[in-house]
Structures are given as C-alpha cells and as structure tokens.
Amino acid sequence: MKQALHIKNLTKKYKDFTLDHISLDLPYGMILGLIGENGSGKSTLINSILNIVKADYDEVHILGQDLKSQEKEIKKEIAVIFNDSHYGENLTPLFIGKMLSGIYTDWDQKKFTDYLKQFHLPEKKRLKTFSTGMKVKLEFAAALSHNPKLLILDEATNGLDPVFREEILEILREFTEQEDHSVLISSHITSDLDKIADYIAYIHEGRLLFLKSIDELNNDCGIIRCGREFFDALSPEDIIAYREEPYSYCVFIKNRQSLRKAFCDISIENASIEDMMLFYSKGEKII
Amino acid sequence: MEIILSSTSGRPIYEQITLQIKEMIMKGDLAPGQALPSMRKLAKDLHVSVITTQRAYDDLQKEGFIVTVPAKGTFVSTENQDFIREENLRRIEQLLTDAAFLAKENGLSINEIKQTLEIVYTEV
Amino acid sequence: MKGIILKDLYENFRIFKNGVSYLAAVLFLFLLIEAMQTGDLFSLKYFFMLITAFVFPLLGCSSIESSLEQDEKVNFDKIQLTFPITKTEIVLSKYILGICFLTICNVFSLIFVFSFTSSHNKITLQEGLSAWGFGVLFSLVFFAVVNFAFFLLGRKLGLIVYIFIAMLFGGIYGAVSSLKGMEFLMAGDKTMIFIIGIPIGILFVVISFFLSLACYKKRYS
C-alpha cells in the first residue's frame, strides 16, 4: 500500500445524519486538510477510522494495515490530537510520560522531556493549572514522543492564538520532513491549511465534494470579478461556481493559465481554501 | 541561495522556484555539483507544499539543470554549459518575439527594429 | 494496560480528596475497633463480623469509582481509544486493579482476624475465619455487581447502586444477626458454604467482566 491512509466507501448512519460513502487516499509524506462546515461529518470520519464509532466500509487501511484486523498495531504508530485535552486534570506531564511509557512500546522519554522544555511546560505541575494553549502543547509533546508515522489532528488548533498556531504549523512542517510521516488535519482555520496542506478534502453534508491538491487550487483556480458581458463570454467549462453580486459577477474559475493567455489583461485573484469552500457551498454551480 | 516568492505575481509558485533556481545556476551562484536542499526541506523552509517543490525539482531535472542521486540527494548538474546556452537562446528568442509583436502593433517596420537592435547591441 | 492501571492508582491516591477518603475510612475502622471492645459480647461479635466481612470488602471495591470520576470529567475514553490497547484490555485493567485492591483488603481483613482472635479470647479463630470467609464471598459478589453497574450506568448512578446494595446487604446482615443471633453466622463448620460459594463468587466476577465489556463495546459502536 503506497497510501498512509486509504478509505473506500466509508458510511456511518445516524438518525438524522449520514456520512455517505466516503473514499479518500492520503499518500505517504503528505498533509491532508479536511474542511467542512460544523456538523458536516469531519469528526465522524475521524472517529470512524479510529474505531471510536463503528462504521461500515469496504476498506480502511492505515499505514498499509487493515483497520479491522490490525487495529492495535496501527494505533502504535499513530497519534491523535483532539481540540480539548482528555488527560485528567490532576495528572502532571511527568506522570503522563510515565503512563504513556507503559502504553507505547516505542515511547521516547528523552524526546518527551525535550519537548516539554521546548514548549516551556512545567513537568510537575498538575494539568488544572495549565492554560488551553499549554494543554494543547502537552498533547503535541505526548503525541510526537512515541515515533508516530501518522498524526491526526481533529480541530486541534481551535481557540489558539495565531502565534501559537504558527508554532504548531512549524512542528508539522518539521514532522513531514521525513518521507514516511503523514498528517491528517481537520480544521476550520482554513488559513492554516493554506499554509501547510498538500491536499484538501471538502466534506459537505456527509459527502466528499472534492479532493484537490493545493497546487491545483493555487495554480489552476482563481477568482475573476467581471461584468455580465465578460461573464457570458466565459465557457461553462472554465467555471466551477459563481456569485451574482449587486454590481458584478464573482466567478471561481478553474483554467487559470489558459484564461490568462486568452484574456491578457484580466486580473485573476488567487483563490484561498476559504474562497473555495464558500463558492462550493454558497455559489451557483454551472453543470 | 535565495528564493523569494511572490503571491501577487501571476506565475505559479513552482514556476517561480524553477526560474529562480535556473537563474542562480546560470549566473553561477549555484556551482555545478553543488548540493541543493531536499524537496521536503525546501518545502518546509519556503512554507509551501511539498507537491510544489516536487514539481519544481521535476521540471528542473527534466530540463537537465539538476540531478537527483538516490540516497544521496539533489545536486546542480555538472553538464551545465550546453543547457545554459540553450536556455539563454530560448530566452532571447522569446524576448525578440515579444519585441516583434509590440513593434508590429505599433506599426514599426522591420528595418526600424533592426536599427534599434544595432544601437542597443553596440551600447551594451 | 500497565499505563492505565498506573493512572488509576495515581487517581485513587494522589488526588487529595480520594487519598483523604481512604485515610478517613482507615481511621473510622480503628475507631470502630476501639469502640466495639467496650460493648457486650453480642455487639463485640456483631461489629467484629461487620468489620471483617463488610467494611474491609467495601473498601476493596472502590477503586473503580475514583478513576471513573476523573475519566468522565475529561472524557478520557476518547484519547484512550486512540492508544494501542483493545477494549478488552481497557475493561480488564479496571478489573485487575479492582481485584488487587480486593485481595489486599481481604488480606488486611485476615490479619485483623488473626490479631484480634489471638489477643482477645472472646472470639475463636474458627469463628473469625468463618466471618472472614463470608467477607470474601461478599466481596466477590459485591465487586461483580458494582463494577458492572459502573460500566452500565456511569459513575453517578453506579455510586447510587454501590450505596444501595451496600445498605441492602447491611440491612440483611442486621436483620439476620438480630433475629438469629451471631452464633448462626459465626459458629459451626462453614467450610461447605465456602467451598461452593467462593467458586460461584468468582463466576460472578467473570460474568460481570464480560457484561461490562459488552457495555463498553456497545457504547463505542
């Protein structure tokens, strides 16, 4: 298996919501950003591949291993960081290190204490004295200290300040410097994903709307603001979605390079992930 | 080695990287055989996706500017001379094409352009 | 599994209120032992059996409550289920720690029996051991029921079940001891009861484990 994460036809039914036949692949060494509205199914997807909830699927392979039969082996090599701390507030970082060394065979105590120092976390203070940011940093320290090959972040940076979020991005960049390290990051903060993701998957109302590389988004997609005349001149094949505004059209296009060649002096704005999300969910689509 | 990326330039990022590395090689800022950062390290340091640096390195390798030695890394190609020349010739042709277009648009004759070229060539 | 057991131990003793409540229980025990020596023979025997067969076992069945309280507060299960540890091992770790607690408390109970029967002559060793046997039986059954209740109902409701069943057994003990007298409970050869009863008690614990595991699996499906 050349994929760090391979999901085929994963479905999870709830009473009033269904995660519907999701298939996606994350190649080794890449960072996949999972985006979607609140309640779109991002966390359900993550919980499903971790077997925290039971879902139906044809295949789920993590790091080349089958989730159904090798769950324990998989979990030795992955680390998950959620958006709030799940360690008891009376525990200390030092104790958490001891606890995790009895859980992970590959636990690296030295690495852990190095991270604690790097993040300025007091070893012997109880977690109840920690700020939210400190708790998240502790989760990262713990996550990175057993040599995981796949990091899964479920909205882990919500509620953190930009300075700290940049620190986290830097850690993730360092983490993926190694070819066999991959990251799945689910986030609302699309500006972070703009900076760091290699691929973007958009989950909308339980379905995977698209999976694109950031390259495709940056190089092939763009936003054109124009009048009616120009808008009519555009071919439907170039348009992903558009918004009719009071005084103009705002068009999300997908053949940026060829459009630039055809219309030399139009200004094509860069499209961010947030733009993509807004256009896909709120724009008119031309079929 | 300096690479400066612009989000406002019309060029895709991978093209900006490719061009700037090519320039450094042709100017001699990057010597033949010199080691380049791995595409992952470059991605990390430039804060771009590894897909972007991979594409840039792939293009550079295709055009013969760099070589990747398995398990050793990426290096500036030592067979640069011909490629530099070819690249420069290509650039000259492109520039001349642009000049010709502009001249035709403005109604200049071919003799007028030749004159201008002669003046400029001797002055440079 | 080792790490989880370590954490549960920490939460039982290194958290102020939990550590203090264990100390308070031990203190209460000593007071009880002191107090019972001032009464008549009936109350001596009554309290002796109460301590041996009731108080010590209750103490031994409380490990799961403290760690469950902490776990529920922060939803520890969420991260626990990302560890390389199966659901079986998670439930097993609670039972293993519980059984260790139980064993230690029953050993202390036995030490109490030996020291009390040898220093006082009002209660014979055989009577003492009978009481202790009931204690072991009671602790197995109580442990099985209460642990399952905690897994099924969570900490708050589980605690209510704990208290309710403790009071129920306490009430039964009080009724039997006043109606039939302490001799009925402590005198005579009770070995048959224990030879049959204790394996049944162990069976209870095993069934409780599998039921708890089923609960846990159902919760995360």
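Residues numbered from 1 in each chain as written. Chains lettered and ligands numbered in written order. Predicted model: local features only at pLDDT ≥ 70, side-chain atom pairs only at ≥ 80, totals over all residues.

A. Broad picture of the environment of Ser-267 of chain A. All names here are of chain A. Mapped onto the secondary structure, Ser-267 falls in the loop between α10 (256–262) and β14 (268–269). For Ser-267, a count of 12 C-beta atoms within 10 Å translates into the label exposed. It is 33 Å that separates the C-alpha atoms of Ser-267 and Asp-161, two residues lying 106 residues apart in sequence. (Helix = DSSP H or I, 4+ residues; strand = E, 2+ residues; numbered from the N terminus. Buried ≥ 20, exposed ≤ 12 C-beta atoms within 10 Å, placed from the backbone.)

B. A look at the packing of helix α1 (residues 2–13) of chain C against helix α4 (residues 63–74) of chain C. All names here are of chain C. Two elements in contact, α1 and α4, have axes separated by 8 Å at closest approach and are oriented at 95 degrees. In terms of axis orientation, α1 runs roughly perpendicular to α4. Contacts from Asp-8, Glu-11 and Asn-12 in α1 reach Ser-63, Ser-66, Ser-67 and Gln-70 in α4. Counted by class, the contact of α1 with α4 contains no nonpolar, five polar and two charged residues. (Axes fitted to C-alpha atoms, helices over the stretch in contact; angles between N-to-C directions. Parallel < 35°, antiparallel > 145°, perpendicular 65-115°, else oblique. Contact = placed C-beta atoms within 7 Å. Nonpolar A, V, L, I, M, F, W, Y, C, P; charged D, E, K, R; others polar.)

C. Local environment of the sheet that holds strand β2 (residues 18–27) of chain A. Residue and element names in this part refer to chain A. Reading across from one edge, β2-β1-β4-β5 is the order of the four strands in this open sheet, with antiparallel pairing throughout. At either end of the open sheet lies a strand with only one pairing partner, and these are β2 and β5 (65–66). Contacts from helix α1 (residues 42–49) reach β1 (3–13), β2 and β4 (59–62) within the one sheet, and its direction differs from that of β1 by about 110 degrees. (Pairing = 2+ DSSP bridges.)

D. Here's a closer look at the pairing of strand β7 (residues 150–154) of chain A. All names here are of chain A. Buried residues dominate β7, accounting for five of its five residues. Judged by which residues are buried, β7 turns out to be covered on both faces: Leu-150, Ile-152 and Asp-154 on one side and Leu-151 and Leu-153 on the other are all buried. Relative to β7, strand β6 (residues 78–81) runs parallel, the two being bridged by four bridges. Pairing of Val-80 across the sheet is with Ile-152, part of β7. Here β7 pairs with strand β8 (residues 182–186) via five bridges, running parallel. For Ile-152, the partnering residue across the bridge sits in β8 and is Leu-184. Traced from β7 through helix α6 (residues 162–175) to β8, the parallel crossover comes out right-handed. (Right-handed = clockwise from strand over helix to strand, strands pointing away.)

E. Focus on the UniProt feature "transmembrane region" (unreviewed entry) in chain C. Residues and elements named next belong to chain C. In the UniProt entry, the feature "transmembrane region" (unreviewed entry) is given for residues 20–38, 44–64, 95–117, 129–152, 159–179 and 191–216. Its end C-alpha atoms 30 Å apart, residues 159–179 is made of 100% helix and 0% strand. Note that residues 191–216 is 100% helix and 0% strand, and that its end C-alpha atoms are spaced 37 Å apart. (UniProt positions renumbered as here; feature names shortened; annotations may be inferred.)

F. Seen up close, the nonpolar core. Counting residues in each nonpolar core, the largest one holds 105 residues, and the members touching the most others are Leu-32, Ile-62, Leu-150, Leu-184, Ile-200 and Val-251 of chain A. If one sorts the elements of this core by residue count, helix α5 (residues 132–144) of chain A sits on top with seven residues. Those residues in contact with Val-251 of chain A that sit more than four places away from it in its chain are Ile-223, Ile-224, Cys-226, Phe-231, Leu-234, Ile-239 and Tyr-242 of chain A. In this structure, Leu-58, Phe-101, Cys-105 and Phe-112 of chain C belong to the second largest nonpolar core, which totals 45 residues. (Core = buried A, V, L, I, M, F, W, Y, C linked by C-beta atoms within 7 Å.)

G. Looking closely at the interface of chain C and chain A. Counting residues at the interface gives 21 residues for chain C and 24 residues for chain A. The element contributing the most residues to the side of chain C that touches chain A is α1 of chain C, with six residues.

H. Summary view of the arrangement of the chains. Here two pairs of chains are in contact, and chains A and C lead that list by number of contacts. No interface is formed between chain B and chain C, the nearest pair of C-alpha atoms being 28 Å apart.

I. Representation of the confidence of the model for chain C. Chain-level pLDDT for chain C is 89 on average; 100% of the residues reach the 70-or-more range. If you check the scores for this complex, the pTM reads 0.85 and the ipTM reads 0.87. (pLDDT = per-residue confidence, 0-100.)

J. Main features of the interface of chain A and chain B. Of the residues lining the interface, 16 residues belong to chain A; the matching set on chain B comes to 13 residues. Each residue belonging to the side of chain A that touches chain B can be placed in one class, and the counts come to two nonpolar, six polar and eight charged.

K. Focus on the sheet that holds β14 of chain A. Residue and element names in this part refer to chain A. The strand order across the open sheet formed by four strands is β12-β13-β11-β14, and the pairing between neighbours is antiparallel. With one partner strand each, in any of the chains shown, β12 (239–244) and β14 form the two edges of the open sheet. Across five bridges, strand β11 (residues 222–226) lies against strand β13 (residues 249–253) in antiparallel orientation. Residue pairing in the sheet places Ile-224 in a bridge with Val-251 of β13. Sheet strands touched by helix α11 (residues 273–282): β11, β12 and β13. Its angle to β12, the strand with the most contacts, is close to 75 degrees.

L. Molecular detail of the packing of helix α6 (residues 87–119) of chain C against helix α7 (residues 125–180) of chain C. Residues and elements named next belong to chain C. One way to put it is that α6 packs onto α7 with a least axis distance of 10 Å and a crossing angle of 165 degrees. One element, α6, and the other, α7, form an angle in the roughly antiparallel class. Where α6 crosses over α7, the two elements pack in a sense that is right-handed. Residues Tyr-95, Gly-98, Leu-102, Asn-106, Ser-109, Leu-110, Val-113, Phe-116 and Thr-117 of α6 lie in contact with α7, whose contacting residues are Leu-125, Gly-128, Leu-129, Ala-131, Trp-132, Gly-135, Val-136, Ser-139, Phe-143 and Asn-147. Looking at side-chain class alone, the contact of α6 with α7 contains eleven nonpolar, eight polar and no charged residues. (Left-handed = near helix turned anticlockwise from the far one by under 90°.)

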